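Fold and contact review
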Amino acid sequence: MMIETGAGFWSPLAMVAVVGAVAIAVFIARSFGRKNAGKDAGQALPFFSGNVVKDARIRPANMYWGFFEALHDYYFALKKMHSGIVNDYFFWFVLVIAAMAALFIFSGVL
Amino acid sequence: MIFLAEHAPVLAIAVPLLAAFLMPLLGRAGAKIRNLVAFAAIAFAGIEVALLALNVLANGVVTYAVGAIAPGLVSPAGFPVRIVMEIDALSTFMAVASVSIALLACVYSMQAMKKHENLDKYFALMLLMTAAMLGMVFTGDLFSLFVFLEILSIASAGLIAFYSGRGESAEAGFKYLAVSSVAALMVLLAAGFLYSQYNLLNMAALAGAMRFSFLDKFALVLLASAFALKCGAVPLHMWVSDAYGEAPAAVSAMLVVASQAGLYALFRVGFTLYGSMPLIDLLGLAMIVLGVLSMFIGVTMAIKQSDIKRLMAYHAVSQTGYMLLGVGVGLSVLGNAAMVSEFGFRAIQGGLFHVFNHALYKGLLFFTAGAVFYVAGTRDMNKLGGLAHKMPYTAVFFLFGALAIAGMPPFNGFASKLIIYESVFEFSPVLSAIAMVVSLLTLASFVKAFSGIFLGPKEAVQAGVKEVPIGMLAPMAILAALVLLFGLFPDLVLEWLVNPAVNALLGQCGYIGAVV
């Protein structure tokens, strides 16, 4: 029921019990709210500066735009690395073999 | 029953192998008979693995000499020349994960692949993959390891290129075969280096005889690099996105456990074959570097993808990083008993637990991706949306898998990641922080995937879409239940599978002593 992590422990069932108790409290609090809220009140409709939006979805391609812009140079390098050319795959393989061999040589193991 | 238990190591491999070659014949008798035999063969292997696991838990390392008068004759005159299978708790741990996913993938395929032709070959290759994975984790012989690695690679390549009408699938199959062949060649070369010095191929005997010469150490470099490539560690991961992305969904799930067989070989070489080498901690450090690179580059590549299966493939790379990090930390402190007891044991425990968890939730995620492709005919998330209206069960199963991979409680991914975070923190707080940031990015990536595929208004193009058949839902439901069960009761897996496997990794003498 519990796992020791060295720094402490983790009890999933205790967490589920706490989340359950909070959920019940939220449900009770919600039951005191207005009964006519939400449905058919226009609250769930998407809007953009007061205009009707036909395709209100944010497509996955448009998500996290700022993140990708901020890491533009990093992604440029990654894209170059992932060329899809098999020769490049072998280049990386040889590089890893060389790096591992060098690690052992410079550490005086070989 | 005694016969089944006594010959379990060889029967678990031989039955799926034989069934694989019967598939074309049985296909002529009818699809139902063929499917039933494929399922029965993997289920039989599963029973044998369970018997073996119980035997190993009760009696320790199990050895089996193939072709000897009696299976126990592993070391005639103290010189092991036979093909010896040696099964410890680490082997059974990996075998349980492999055969469970193979069985569910087989059931899932029966429905998901129904419309396709050449299913005799499909199931034959799937059975070959199962036999090869079990062979890799059961063998105690370096040359047999190479043979099973080759069988696994060839069968996998055939399945990756199964949609042969698509150029991309053929290309992915070719790339996988090319890189796998070179990796296997390095394993063969390393085995040759060792055999030339010691006249031995048995890993336990080699570990006992090893003098750590220049050639031995170069063999270690070749073995570690080859298995790092097979498990898809950055920067040797380039094949993963193509292979996982283009293969049928059930095959992608099997490729996850196939890659983990490569990871097993890396751990076996590091801990058992070279465990007593001075400065073996350097291999641990190399694994940590590969692990951190895999975690970070894997997740940052994943978050950019718009193809759902390529996104999942890069996440597989990222999750492999966690396993390498955990086990690498354990290996890097192997020579220091105090550190092993302080955090090394738990780091390996976290890494191995994550291997098991990853097999379950990534299998589940690939099945859900296959279900989406089955009904919508596309993997492009930009063309999908609102599918939760039509596929509520698949949406819930996807959510389970997504939360598990992101390390959200109470799912199983959280349990193993928590152990990794806290044990790795003792080694280096920076590494632990990177692991946590990667989990946040994983969550962001799956928020994008879930909202892109399942949320939003109903799309007009999906008018005819409906939930997938029960044959596909059932394997997903089983995996989703296990993902939750092992998150709520992690001690079940830790006590019965993971802790014995960690002890097996750390107890090199037990593995050597069983043969020599």
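Procedures and definitions
Residues numbered from 1 in each chain as written. Chains lettered and ligands numbered in written order. Predicted model: local features only at pLDDT ≥ 70, side-chain atom pairs only at ≥ 80, totals over all residues. Heavy atoms only, no water. Core = buried A, V, L, I, M, F, W, Y, C linked by side-chain atoms within 4.5 Å. Buried < 20%, exposed > 50% of the residue type's maximum accessible area, 1.4 Å probe, protein only. Helix = DSSP H or I, 4+ residues; strand = E, 2+ residues; numbered from the N terminus. Domains from an automatic or database assignment. Contact = heavy atoms within 4.5 Å. Buried area = accessible area lost by both parts, 1.4 Å probe. Salt bridge = Lys/Arg side-chain N within 4 Å of Asp/Glu carboxyl O. Polar contact = N/O pair within 3.5 Å; in protein donor to acceptor, adjacent residues only side chain to side chain. Nonpolar A, V, L, I, M, F, W, Y, C, P; charged D, E, K, R; others polar. Patch = residues over 30% accessible without salt bridge, like charges linked within 9 Å, V, L, I, M, F, W, Y side chains within 5 Å. Areas by Shrake-Rupley, 256 points an atom, 1.4 Å probe, with all protein chains shown as cover. Expected span 1.5 Å × (residues − 1). Arc of directions from axis to C-beta. Phe/Tyr/Trp six-rings, centres within 6.5 Å; stacked < 30°, edge-to-face > 60°.

Focus on the nonpolar core
All names here are of chain B. Within the largest apolar cluster, 213 residues are counted, with the highest numbers of intra-cluster contacts made by Phe138, Tyr274, Leu352 and Phe398. If one sorts the elements of this core by residue count, helix H11 (residues 249–273) sits on top with 18 residues. Inspection of this core shows a minimum of three residues originating in each of domain 1 (1–278) and domain 2 (291–498). If we ignore the near neighbours within four places in the chain, the residues touching Leu352 are Leu90, Phe93, Phe267, Val327, Val498, Ala501, Val502 and Leu505. Ranked by size, the runner-up nonpolar core spans 18 residues in total, among them Val292, Phe343, Ile420 and Leu431.

Looking at the interface of chain A and chain B
With 41 residues of chain A at the interface, the matching set in chain B holds 67 residues. When chain A packs against chain B, the two sides together hide about 4700 Å² of surface, and 78% of this comes from carbon and sulfur. The largest per-residue losses of area from chain A upon contact with chain B belong to A:Arg57, A:Tyr89 and A:Phe93, which jointly make up 14% of the total buried on that side. The tally of links between chain A and chain B comes to 0 salt bridges. Connecting chain A to chain B are 10 residue pairs in polar contact (both at pLDDT 80 or more). Going through the elements one at a time, strand S1 (3–4), helix H1 (12–31), helix H2 (65–70), helix H3 (72–81) and helix H4 (86–106) of chain A are the ones with two or more residues in the side of chain A that touches chain B. Examining the composition of the side of chain A that touches chain B, we find that 11 residues originate from one element, H4(A), more than from any other. Split into classes, the residues belonging to the side of chain A that touches chain B amount to 32 nonpolar, 6 polar and 3 charged.

Some remarks on a nonpolar patch on the surface
Together, B:Leu54, B:Leu57, B:Leu485, B:Leu492 and B:Trp496 line one region of the surface with nonpolar side chains, adding up to about 480 Å² of accessible area. Relative to the helices and strands, B:Leu485 resides in helix H18 (residues 470–488).

Thoughts on H4(A)
Residue and element names in this part refer to chain A. The end-to-end C-alpha distance of H4, which contains 21 residues, comes to 30 Å, matching closely the 30 Å that a straight helix rising 1.5 Å per residue would cover. Of the positions making up H4, those classed as buried are Val86, Tyr89, Phe93, Val96, Ile97, Met100, Ala101 and Phe104. One side of H4 holds all its buried residues, which, seen down the axis, span an arc of 125°. Turned more than 90 degrees off the buried face of H4, the exposed positions are Asn87, Val94 and Phe106.

A few points about the side chain of A:Arg59
Structurally, A:Arg59 is set in the loop between strand S4 (51–52) and H2. Ignoring sequence-local partners within four residues, the contact set of A:Arg59 consists of B:Asn382, B:Leu384 and B:Glu459.

Some remarks on the environment of B:Arg310
All names here are of chain B. Mapped onto the elements of the fold, Arg310 is located in helix H13 (residues 308–332). Classification of Arg310 by relative accessible area gives partly exposed; the value is 23%. Sequence separation between Arg310 and Val240 is 70 residues, and the spatial gap between their C-alpha atoms is 8.6 Å. When near neighbours in sequence (up to four residues on either side) are disregarded, Arg310 contacts Ser241, Asp242 and Gln305.

Some thoughts on the domain arrangement of chain B
Residue and element names in this part refer to chain B. Entries for chain B in the domain assignment read domain 1 (1–278) and domain 2 (291–498). For domain 1 versus domain 2, the distance between C-alpha centres works out to 23 Å. Each side of the interface is counted separately: domain 1 has 41 residues, and domain 2 has 40 residues. The junction of domain 1 with domain 2 conceals about 3600 Å² of combined surface from both sides, 76% of it contributed by carbon and sulfur atoms. Contact with domain 2 buries surface across domain 1, with Phe93, Tyr108 and Phe271 losing the most and accounting together for 19% of the total. Linking domain 1 with domain 2 are 2 salt bridges. Glu246 is paired through a salt bridge with Arg379; the nearest N and O atoms lie 3.3 Å apart. For the pair domain 1 and domain 2, the interface holds 14 residue pairs in polar contact (both at pLDDT 80 or more). When residues of the side of domain 1 that touches domain 2 are traced back to their parent elements, those giving at least two are helix H4 (89–112), helix H10 (238–246) and H11.

Quick notes on the packing of aromatic side chains
Applying the stated criterion to the full structure yields 24 aromatic pairs over all chains. Seen in terms of ring centroids, A:Phe67 and A:Phe68 are 5.6 Å apart; in terms of plane orientation they differ by 75°. Their pairing is edge-to-face. With relative accessibility at 28%, the residue A:Phe67 sits in the partly exposed group. Residue classification places A:Phe68 among the buried residues on the basis of a relative accessible area of 12%. Relative to B:Phe356, the ring of B:Phe93 has its centre 6.0 Å away and its plane inclined at 35°; by these criteria the two rings are tilted. Of this pair, B:Phe93 sits in helix H4 while B:Phe356 sits in helix H14 (residues 337–376), and the two are 263 residues apart along the sequence.

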